[in-house]
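# An overview of the molecular structure
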Amino acid sequence: MRALVYVTLKPSVLDPQGKAVRGALRSLGFDEAADVRVGKLIELTLETSDRTRAEQRVRAMCETLLANTVIEQYRFEIVEGTAP
Amino acid sequence: MKTAIVVFPGSNCDHDAYHVMRHVLGLQAEFVWHKQTSLKGFDLVILPGGFAHGDYLRCGAIARFSPIMEAVADHARKGGPVFGICNGFQVLIEAGLLPGALLRNRGVAFINRDVWVRVENDRTRLTGLCRPGQVLQMPIAHGEGNYTADPGTLARLEGEGRVLFRYVSPSGELDDRFNVNGSANAIAGIVNEAGNVFGMMPHPERNAEPLLGNAQGLVLFESLAGLRPGAEAA
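Keep in mind the model is a prediction, meaning the values are calculated, not measured.

### Comments concerning the overall build of chain B
Assigned secondary structure in chain B consists of five helices and eleven strands. Over its C-alpha atoms chain B spans a radius of gyration of 16 Å, differing by no more than 12% from the 17 Å that the globule rule assigns to 234 residues. Overall size of chain B, expressed as C-alpha extent along the three principal axes, is 45 × 40 × 30 Å. The buried share of chain B, reckoned over its 234 residues, is 55%. Long-range pairs, those at least 24 residues apart, make up 76% of the contacts in chain B between residues at least 6 apart in sequence.

### Observations concerning the overall build of chain A
Broken down by element type, chain A carries two helices and three strands. Going from the N terminus to the C terminus, chain A shows its helices and strands as β-α-β-α-β. The globule rule puts the C-alpha radius of gyration for 84 residues at 12 Å, and the 16 Å found for chain A is more than 25% above it. When burial is assessed residue by residue, chain A has 12% of its 84 residues classed as buried. Long-range pairs, those at least 24 residues apart, make up 70% of the contacts in chain A with a sequence separation of at least 6.

### A word on the sheet that holds strand β3 (residues 72–79) of chain A
Residue and element names in this part refer to chain A. The antiparallel open sheet is built from three strands, whose spatial order is β2-β1-β3. Across the chains shown, the open sheet's two edge strands, defined by having one partner strand only, are β2 (40–45) and β3. With strand direction ignored, the average angle separating the axes of adjacent strands in the sheet is 20°. As paired strands, strand β1 (residues 2–9) and β2 are joined by six bridges and run antiparallel to one another. Residue pairing across strands places Leu4 opposite Glu43, the latter belonging to β2. Across the sheet, helix α2 (residues 51–66) is in contact with β1, β2 and β3; its angle to β3 comes to roughly 155°.

### So, the sheet that holds strand β2 (residues 28–33) of chain B
All names here are of chain B. Strands sit in the order β2-β1-β3-β4-β11-β10-β9-β6-β7 across an open sheet of nine strands; the sheet is mixed. Looking along the sheet, the strands with just one partner apiece sit at the ends: β2 and β7 (135–142). Each strand of the sheet is rotated relative to its neighbour by a mean of 25°, with strand direction disregarded. Here strand β3 (residues 44–47) pairs with strand β4 (residues 82–85) via three bridges, running parallel. Residue pairing across strands places Ile46 opposite Phe83, the latter belonging to β4.

### Remarks on the nonpolar core
Judged by nonpolar contacts, the single largest core of 81 residues is most densely connected at Val6, Val45, Val72, Leu92, Val117 and Phe221 of chain B. The residues contacting Val6 of chain B, other than those within four sequence positions of it, are Val32, His34, Val45, Leu47, Ile68 and Val72 of chain B. Core analysis: the second largest hydrophobic core is formed by six residues, Ala3, Cys62, Leu66 and Tyr74 of chain A among them.

### A few points about the interface of chain B and chain A
Listed by partner, the interface residues are twelve residues for chain B and nine residues for chain A. Secondary structure elements with two or more residues in the side of chain B that touches chain A: β5 (101–103) and β8 (146–148) of chain B. Residues belonging to the side of chain B that touches chain A are distributed by class as follows: four nonpolar, four polar and four charged.

### Quick look at helix α1 (residues 14–24) of chain B
Restricting attention to buried positions, one finds in α1 of chain B the residues Asp14, Asp16, Ala17, Val20 and Met21 of chain B. Downstream of α1 of chain B by a residue or two, Gly26 of chain B has a phi angle that is positive, lying close to 70°.

Parameters at a glance
- Residues numbered from 1 in each chain as written.
- Chains lettered and ligands numbered in written order.
- Predicted model: local features only at pLDDT ≥ 70, side-chain atom pairs only at ≥ 80, totals over all residues.
- Helix = DSSP H or I, 4+ residues; strand = E, 2+ residues; numbered from the N terminus.
- Rg over C-alpha atoms; globule rule 2.2 N^0.38 Å.
- Buried ≥ 20, exposed ≤ 12 C-beta atoms within 10 Å, placed from the backbone.
- Contact = placed C-beta atoms within 7 Å.
- Pairing = 2+ DSSP bridges.
- Axes fitted to C-alpha atoms, helices over the stretch in contact; angles between N-to-C directions.
- Core = buried A, V, L, I, M, F, W, Y, C linked by C-beta atoms within 7 Å.
- Nonpolar A, V, L, I, M, F, W, Y, C, P; charged D, E, K, R; others polar.

Such coordinate-based values are descriptive only and should not be taken to indicate function.
The following block contains the structure:
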């Protein structure tokens, strides 16, 4: 079982990286790039087959370490199988 | 007066801090490896600059779970002074010992240069020997020093005199061009509610003796050590 954890800055928090990437995209002619936010994707392989338990544990991982909830938000997906 | 300088894997200003306390001020100082669990016998704890645990995930995010951090929190709870410089500030914030967060610099780039900070509160243990409104020139070297906090926290910090330093022009004026990393309210350093946990992004330990061309950072260590400027070290 795997978890895909997406960590992004809260909408209320300025994202200097996203702003720089937006500027680069627009200077390359991608004028439709109206807003860019850069975040992280964390892929976890879990040694469990209990989906409910996995969700609880991954939520705890996010709250404890993976996200700084002062500035970041997170969401995750639990998917079957091992890493491709 | 005995200082513990916490060493994480990736700390790189630990020797600078040690040098200031031990050789410039002539006080007792020891390195404490992050896997140790006790700070017994130490009066002051310094979390130095660097890139603890490679700054992986977020600056300070992994360091805050180092075994020594429980002892750091305990030292702080008992009222002992804790001083986090640069990466040490980031660790204190991740540990929840100081409020807010440090984002990527406004211009995204890592900035390594001298800046000017104005002392906003000279009645703390870190700034007690500074003059009111004194402007100190000191280096910064960071990629994530853009201080932010929710509006309520910012209002409390401001209202309670807990903003210790602000980025200013050389003459001490607030000017957005000198707020190099884009920090909220140009905040460069803060103190906790109890007044004993300090964090700042600039590096006073890198300019604490005349040999380095600028000794303007020394006054902060003298304040912490309870010394008077020019007085013989204990």
